[in-house]
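# Structure at a glance
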Amino acid sequence: PKPNIDPNAMLMKSYACQRRTPLKHHNSFLTDALEILAQNAEYNDNEGRSVAFRRAASVLKALPHRVKSMEDLRSLPCLGDHSQRVIKEILEDGSSREVESTRQSEQYQAIKALTGIFGVGVRTADRWFREGLRSPDDLIHTGQQLNRAQQAGVQYYDDLQKPVTKAEADVISDIVEKAVHAVLPGAEIQLMGGFRRGKEVGHDVDFLITHPEEGKEEGLMPKITNWLEEQGLLLYQKTTRNSYLEKMDGPARAPNNMDRFERCFSIFKLQASAESCTSNSTASVQDVSTGSETERHSDQHSEASDWRAVRVDLVVSPYSQFAFATLGWTGSKLFERELRRWAGQEKHMSLSSHALYDSKQNLYLRAKTEEEIFAYLGLEFIPPSERNA
Ligand code: 8DG
Ligand code: MN
Ligand code: MN
């Protein structure tokens, strides 16, 4: 007689970085719901609760089939009582009351709308919400004090709401490559974030830049942004200098996903190509029906314009940290978080986008590739397209 083996328990590992999570999966009807609760917990400054819902959703993304009954969830990790209750209700009734009332709630909708503005985080959005503001339009009408990033966020709001396509990301890749090579021949440029994981659309385009000769990359960002600015390709940029020092940022520093690379948060002015021009005009026909929307953002460039605004993140890494930076900027955010948790809790190591520190041996582990980092961590290598946790 066969022993009673539970296939779920055998196959589903409990850290997301131990599993393969493809982009397309079978349980969006459940994961979308759990992620609304995760988002809402984040808006309410409850990080623990938020991560719990995200981990639960992520387990369902890794399942090779659609969940049909609670039996299918037997012995899966990371599914707490609350998540199970929500799933049960959706399986039985088609929707969860808690999820639907969250989705409809004034606070959830307002914080979602306000944090949708570039430059606005949850804290600011929450303060504005408590002052009675509900939407980007309210900001303009009440004459809120906005910083430079937020001003750009409001100015280009409509464009930045539209997803960036892979085709647009490829056009921007060419531009970034041209800019970087004009100011530093031999530099290497890599597409990061969601597009590296195989997404077809994103909220921005992320790039990592380095040079094989260590030191050549120092002070590179201002040269790149100057070149782009001279070509009239930048609508907004804010560059932050590299502030990483191994001695100070190593094991002693509190774990945090913000890294210290030289970086630039920017908004590109992307000229429409002949093709995307056609699809643009289709989009603007639809936009006309929401006439007031167009009116309210009158400082927005006209619908008929031949360009659009696109968010672009540029990061410069020294060559010796490139593998860590690549791993750190590929995402997904939950995958990154789980990697760091695995390193700390299971391996007594501390992982950042700069380095891997081994607390048992008291030393930094050097790596040239992502594969080596997974190996140090005792993890099977997961390719970018399966890091969609
Ligand atoms: P999307 O743009 O398509 O919506 O998705 P994404 O590409 O996965 O998200 P993202 O917000 O652009 O972030 C891309 C990756 O970069 C993600 O894994 C998280 C990581 N990342 C930041 N900020 C920082 C940071 O300050 N330090 C480090 N190490 N990583 C960061 O977004
Ligand atoms: Mn991105
Ligand atoms: Mn980004």
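Before reading on, note that the structure itself is shown above.
Here is what the cut-offs are and how they apply
- Numbering of residues starts from 1 in every chain and runs along the sequence as written.
- Chains and ligands are labelled by the order in which they are written, letters from A for the one and numbers from 1 for the other.
- Note on the predicted model: pLDDT of at least 70 is required for a residue's local features to be given, and 80 or more for side-chain atom pairs to be given and counted; whole-chain, interface and lining totals, by contrast, use all residues.
- The basis for every side-chain value is the complete set of non-hydrogen atoms in the structure, without hydrogens or water.
- Only DSSP runs of H or I covering at least 4 residues are called helices, and only runs of E covering at least 2 are called strands; the numbering of each starts at the N terminus.
- For each residue, the accessible area found with a 1.4 Å probe, counting protein chains only, is set against the maximum for its type, and the residue is called buried under 20%, exposed over 50%, and partly exposed in between.
- For this analysis, residues touch if any pair of their heavy atoms sits within 4.5 Å.
- Residue-level accessible areas treat just the shown protein chains as cover; the underlying method is Shrake-Rupley with a 1.4 Å probe.
- Nonpolar cores were defined as sets of buried Ala, Val, Leu, Ile, Met, Phe, Trp, Tyr and Cys residues, with membership established by side-chain atoms within 4.5 Å.
- All domain edges in this entry derive from an automatic or database-based domain assignment.
- For Na, K and Ca the donor cut-off is 3.2 Å, and for all other metals it is 2.8 Å, counting N, O and S atoms only; because water is absent from this set, sites may look incomplete.
- One speaks of a salt bridge when a side-chain nitrogen belonging to Lys or Arg is within 4 Å of a carboxyl oxygen belonging to Asp or Glu.
- One requirement defines pairing of two strands: DSSP has to find at least two bridges between them.
- Axes here mean lines fitted to C-alpha atoms, for a helix over just the part in contact, with angles spanning 0 to 180 degrees between N-to-C directions.
- Note that the term roughly parallel is reserved for angles under 35 degrees, roughly antiparallel for angles over 145, roughly perpendicular for angles of 65 to 115, and oblique for everything else.
- Handedness of a crossing is defined here by the sense of rotation of the near helix relative to the far one, left-handed for an anticlockwise turn of less than a right angle and right-handed for a clockwise turn.
- Under the grouping applied here, Gly and all other residues not named as nonpolar or charged are polar, the nonpolar ones being Ala, Val, Leu, Ile, Met, Phe, Trp, Tyr, Cys and Pro and the charged ones Asp, Glu, Lys and Arg.

On to the overall build of the protein chain, then. What the protein chain contains, in helices and strands, is 19 helices and 10 strands. Classification of the 389 residues of the protein chain by burial places 46% in the buried group. Within the protein chain, counting contacts between residues at least 6 apart in sequence, those at least 24 apart form 69% of the total. A total of about 19900 Å² of accessible surface is found on the protein chain, and carbon and sulfur atoms cover 50% of it.

We now examine the nonpolar core. By size, the foremost hydrophobic cluster in this structure holds 37 residues, and its most contacted members are L34 and L60. Elements represented by at least two residues in this core include exactly helix 2 (28-43), helix 3 (47-61), helix 4 (81-93), helix 6 (106-115) and helix 7 (122-130). Ranked by the residues each element gives to this core, the list is headed by helix 2, at 7 residues. Two domains each provide a minimum of three residues to this core, namely domain 1 (7-102) and domain 2 (109-147). Among all residues touching L60, those that are not within four sequence positions of it are H25, N27, L30, T31, L34, V67, L73, L79 and I87. With 28 residues, the next largest nonpolar core counts I172, L228, F268 and L270 among its residues.

Moving on, we get to the coordination of the manganese ion (ligand 3). At the metal site, the manganese ion (ligand 3) is ligated by D204 (OD), D206 (OD) and D313 (OD), and these contacts range over 2.1 to 2.2 Å. In primary-sequence terms, the residues that donate to the manganese ion (ligand 3) follow D-x1-D-x106-D. For D206, a relative accessible area of 9% translates into the label buried.

Oppositely charged side chains can pair when the atoms bearing their charge come close. Scanning all chains against the criterion turns up 25 salt bridges. The shortest N-O distance in the salt bridge between D159 and K162 comes to 3.2 Å. A residue is classified by how much of its surface remains accessible, and D159, at 3% relative accessible area, is buried. Looking at K162, the relative accessible area reads 30%, which means it is partly exposed. The partner of E370 in a salt bridge is R196, with the nearest N and O atoms 3.1 Å apart.

For strand 7 (residues 307-316), the buried fraction is high: 10 of the 10 residues fall into the buried class. Burial of strand 7 is two-sided: the residues W307, A309, R311, D313 and V315 facing one way and the residues R308, V310, V312, L314 and V316 facing the other way are all buried. Relative to strand 7, strand 4 (residues 205-210) runs parallel, the two being bridged by 5 bridges. Counted as the bridge partner of F207 is L314 from strand 7. Relative to strand 7, strand 6 (residues 262-271) runs antiparallel, the two being bridged by 10 bridges.

Take the environment of A62 next. Looking at the secondary structure, you find A62 in the loop between helix 3 and helix 4. Given a relative accessible area of 18%, A62 falls into the buried group. Sequence spacing of A62 and R19 is 43 residues, and the spatial spacing of their C-alpha atoms is 7.2 Å. Not counting the four nearest positions on each side in its chain, A62 is found in contact with M12, R19, R20 and T21.

Here G331 and S332 are connected by a cis peptide whose omega angle stands at -5 degrees. As for its position among the elements, S332 is in the loop between helix 17 (322-330) and helix 18 (333-347). In this structure, H348 is a non-glycine residue whose phi angle is positive, near 50 degrees. Mapping H348 onto the fold places it in the loop between helix 18 and strand 8 (349-351). The exposure class assigned to H348 is partly exposed, which follows from its relative accessible area of 42%. Positive phi outside glycine occurs at N362, with the angle close to 55 degrees. Note that N362 resides in the loop between strand 9 (356-358) and strand 10 (363-365).

A pair of packed helices is characterised by two quantities: the angle between their axes and the separation of those axes. Between helix 3 and helix 4, the least distance of the axes is 10 Å, while the angle of their chain directions is 55 degrees. The angle between helix 3 and helix 4 falls in the class oblique. Relative to helix 4, helix 3 is oriented so that their crossing is right-handed. Between helix 3 and helix 4, the contacting residues are R49, F53, A56 and L60 on the first element and H82, S83 and I87 on the second. Counted by class, the contact of helix 3 with helix 4 contains 4 nonpolar, 2 polar and 1 charged residues.

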